[in-house]
Amino acid sequence: MKSLKITAPATLEIFEAEAPTAGPNDLIIRIKACGICGTDAFYTSIGGLPHLTEPMSLGHEAAGEVTEAGANVTGVAVGDHVVINPMANEDGIIGNGGQQGALSEYVRIPNAQAGVHFRVIPDNIPWEVAALNEPMAVAYHGVNRSGAGKGSKVVVFGAGPVGLGAAIGFKSKGAEHVVVVDVVANRLEKALLVGADAVINSSLEDVTTRLKELHGEVPGIYGQAPRPATDVYLDAAGVAPVIATALRGIKHGGVLTIVGVHKKPVEIDLQDILPSEPDIRLAMGYPTEIFEVTDSLISDWQKYRHIISDIVSFTEVEHAVKLASTPGATDKVVVVFD
């Protein structure tokens, strides 16, 4: 089989290896699609994780078809379509320092358990959409951390893949009204396609003023001006102005959930926000959401499909990684295997 590995900074190579075979407790999955993540681009730029002594296997956002199932593996059959939990593999996190990467033609799941290592999905879900399961679990964890539910009024900052996934997740949880904020017009168009109730281009409009129009107002306290009645602010952008905007407008007891990765320190004036008593929550990874989000993916796969910007054949996988590594060039790249 062919497998993509990092051999040096900014250097990728296709390696040939024997395809894995299944023991009695194992599952062999032929990878059909694998998304490219920001961590893939980062690992490539630095030449792989520094503690590894061998070329680093890449790819963790995977979906595929079962080609071999050990006699003791239950809940799955040869030919089933599955999504994978890369965090759970016994030989290390798939594509994140483990022995295997999903930008390979096959992956072996040792001691495979349904609901832990994999989940079977319907055959009608396109492979490229199924490969969104892992990154959408990150978005879904942010939704869960926010506590939003039926009747909530929500604003999502950032209409990249995680922000769009969060918008779908909020609606699937019963949010009454979801607004998505970004500065890129085509991203805002996608937000409407995936089900956002409204969008705000923050380069053209004042976010707080517009949220008051969309969500109504609540009185300020201790002499503060009225605030938007927005219940939840979710930062999927990872830039300091989002935090400033959210905390400037948040109502008393409102929730700010941060799922975006901030690469620079963010200054917060605690005295200034003290009267509002905001609930600030951070969200990382997907402690329980990896297969919880699959229900949403199955029911709303047509909406999730809008998140994908580029579909690239595995024969051009190095180009796919470079494309995903170029700031502003694309949004979500998925590699498909012929």
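For clarity, every value in this text was computed on a predicted model and none was experimentally measured. (Residues numbered from 1 in each chain as written. Predicted model: local features only at pLDDT ≥ 70, side-chain atom pairs only at ≥ 80, totals over all residues. Heavy atoms only, no water.)

Caption draft 1: The sheet that holds strand β10 (residues 177-182), seen in detail. Strand order across the open sheet formed by 6 strands is β11-β10-β9-β14-β15-β16, with parallel pairing between neighbours. Only two strands of the sheet have a single neighbouring strand rather than two, namely β11 (198-201) and β16 (279-282). Geometrically, the sheet is characterised by an average inter-axis angle of 20° between neighbouring strands, direction not taken into account. Two strands pair when backbone bridges link them, and strand β9 (residues 153-157) and strand β14 (residues 232-235) are joined in this way by 4 bridges, in the parallel orientation. For Val154, the partnering residue across the bridge sits in β14 and is Val232. Against the sheet, helix α3 (residues 133-146) contacts β14, β15 (255-258) and β16, and its axis sits at roughly 155° relative to β15. Each of β9, β10 and β14 touches helix α4 (residues 161-172); the most contacted strand, β10, lies at about 170° to it. (Pairing = 2+ DSSP bridges. Helix = DSSP H or I, 4+ residues; strand = E, 2+ residues; numbered from the N terminus. Axes fitted to C-alpha atoms, helices over the stretch in contact; angles between N-to-C directions. Contact = heavy atoms within 4.5 Å.)

Caption draft 2: Region of the structure containing the pairing of β11. Pairing of β10 with β11 involves 4 bridges; the strand directions are parallel. The residue bridging Val181 from the neighbouring strand is Ile200, located in β11. For the segment spanning β10, helix α5 (residues 185-193) and β11, crossover handedness is right-handed. (Right-handed = clockwise from strand over helix to strand, strands pointing away.)

Caption draft 3: The arrangement of unusual backbone geometry in detail. Non-glycine residue Ala10 carries a positive phi angle of around 60°. Following the sequence through the fold, Ala10 ends up in the loop between β1 (2-8) and β2 (11-16). Judged by relative accessible area, which is 60%, Ala10 ranks as exposed. With a phi close to 45°, Glu277 is a non-glycine residue in the positive phi region. With respect to the secondary-structure elements, Glu277 resides in the loop between α8 (270-273) and β16. (Buried < 20%, exposed > 50% of the residue type's maximum accessible area, 1.4 Å probe, protein only.)

Caption draft 4: Representation of the packing of α3 against helix α9 (residues 292-299) in the model. The N-to-C vectors of α3 and α9 enclose an angle of 110°; their axes lie 9 Å apart at closest approach. With respect to each other, α3 and α9 are oriented roughly perpendicular. For the pair α3 and α9, the crossing hand works out as right-handed. Every residue of α9 that contacts α3 at Asn133, Met136, Ala137, Tyr140 and Asn144 is listed here: Glu292, Val293, Thr294, Ser296 and Leu297. Across the contact of α3 with α9, the residue classes break down as 5 nonpolar, 4 polar and 1 charged. (Parallel < 35°, antiparallel > 145°, perpendicular 65-115°, else oblique. Left-handed = near helix turned anticlockwise from the far one by under 90°. Nonpolar A, V, L, I, M, F, W, Y, C, P; charged D, E, K, R; others polar.)

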